[in-house]
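Listed here are the chains, written in short residue letters.
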Amino acid sequence: MKIISIINLKGGVGKTVSAINIAYTLVAAHGKKVLLIDNDKQGNTSKFFDLHNDDDKSLADLLTDRECSIKSVIKLTTYEGLDIIPANMNLLRANKEILLDVSRPQQTRLRKALAQLNNEYDYCIIDNAPDINMTVINALVASDDVLVPIKVDKFAFDGLELLVDQIEDVKEFNDNIVFKGCFITMFQKNGVNVQGNEYLASSTSYPLFHTVIRKTVKVDETTFIGKPLLDYKKSTAGQDYEKLVKEYLEMC
Ligand SMILES: Nc1ncnc2c1ncn2[C@@H]1O[C@H](COP(=O)(O)OP(=O)(O)OP(=O)(O)O)[C@@H](O)[C@H]1O
Ligand SMILES: [Mg+2]
């Protein structure tokens, strides 16, 4: 099972939309079996699939309760081949509890839990919070690849260096981790976006996908309807996520 973290320390750049649509594209266009993990206390991925509940078992239990099996926190979506581990506000408590509990390793809990799955899934996609906390570090320690969605604005590149440093730090626990690349989300054909893309491609050393995800109102619509783009009306962003996944798979 290949484990991919979708991460950016900045909020609102399209992490959740990307995690959902990359996961679903792998299922619908490539016939893969995918486990999607919601690693954000906001629980947006869980809400999208109508699997958000503060009383249900969630990622928080998996990371703090020694007796909790990974199978007991996996929920089925209405899509065959796409399962999720939901998150809720308990993830806030989990972050504190992991730090306080030094009786077992703190950074490798998710990796160990995922290893119990014995390759039942082809891919695991982790939607991370815009933060570096213990559960995000757990995600990085578990990940083979890191993908970074970027929305071009004045602050777009803030935090990227910190994220790269964090990936380097995580190598102490996981030397397989690869920063596969950034990709532009909510792309509009205007000067700012074109220049932002060119800047990333030529003036930074960050790897960059050729594919950009175009901005379309259909993305907002899908968040109300709870359908990934490829199961909704034909859209530019849906085509772009298909292209992005293809570009990613060709790299591997
Ligand atoms: N390609 C797109 N076109 C138009 N709107 C988009 C696109 N991608 C994302 N959005 C919108 O941008 C907003 C932020 O997206 P999303 O929730 O995926 O970001 P995020 O990085 O996960 O945010 P957070 O850091 O809060 O978790 C949402 O309202 C979403 O519908
Ligand atoms: Mg999000």
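Please refer to the structure higher up on the page.
Residues numbered from 1 in each chain as written. Chains lettered and ligands numbered in written order. Predicted model: local features only at pLDDT ≥ 70, side-chain atom pairs only at ≥ 80, totals over all residues. Heavy atoms only, no water.

For the rest of this paragraph, the subject is the pattern of salt bridges. Counted by the stated rule, this structure contains 10 salt bridges. For Lys-75, the salt bridge is made with Asp-56, and the minimal N-O distance between the two is 3.9 Å. Of this pair, Lys-75 sits in strand 3 (residues 75-76) while Asp-56 sits in the loop between helix 2 (44-48) and helix 3 (59-64), placing them 19 residues apart in sequence. Exposure remark for Asp-56: the relative accessible area of 34% places this residue in the partly exposed category. Across the salt bridge formed by Arg-104 and Asp-101, the nearest N and O atoms sit 4.0 Å from each other. (Salt bridge = Lys/Arg side-chain N within 4 Å of Asp/Glu carboxyl O. Helix = DSSP H or I, 4+ residues; strand = E, 2+ residues; numbered from the N terminus. Buried < 20%, exposed > 50% of the residue type's maximum accessible area, 1.4 Å probe, protein only.)

What follows covers the site of ligand 1. Taken together, 18 residues are adjacent to ligand 1, and Val-13, Lys-15, Thr-16, Val-17 and Asp-220 come closest. Contacts to ligand 1 include Gly-14, whose backbone N or O atom sits 3.0 Å from an oxygen atom. In the model, an oxygen atom of ligand 1 is placed 3.1 Å from a nitrogen or oxygen of the Gln-42 side chain. Listed by contribution, the elements that provide at least two residues to the shell around ligand 1 are helix 1 (15-30) and helix 9 (217-225). Among the residues making up the shell around ligand 1, the classes are represented as 6 nonpolar, 7 polar and 5 charged. (Near = heavy atom within 4 Å. Polar contact = N/O pair within 3.5 Å; in protein donor to acceptor, adjacent residues only side chain to side chain. Nonpolar A, V, L, I, M, F, W, Y, C, P; charged D, E, K, R; others polar.)

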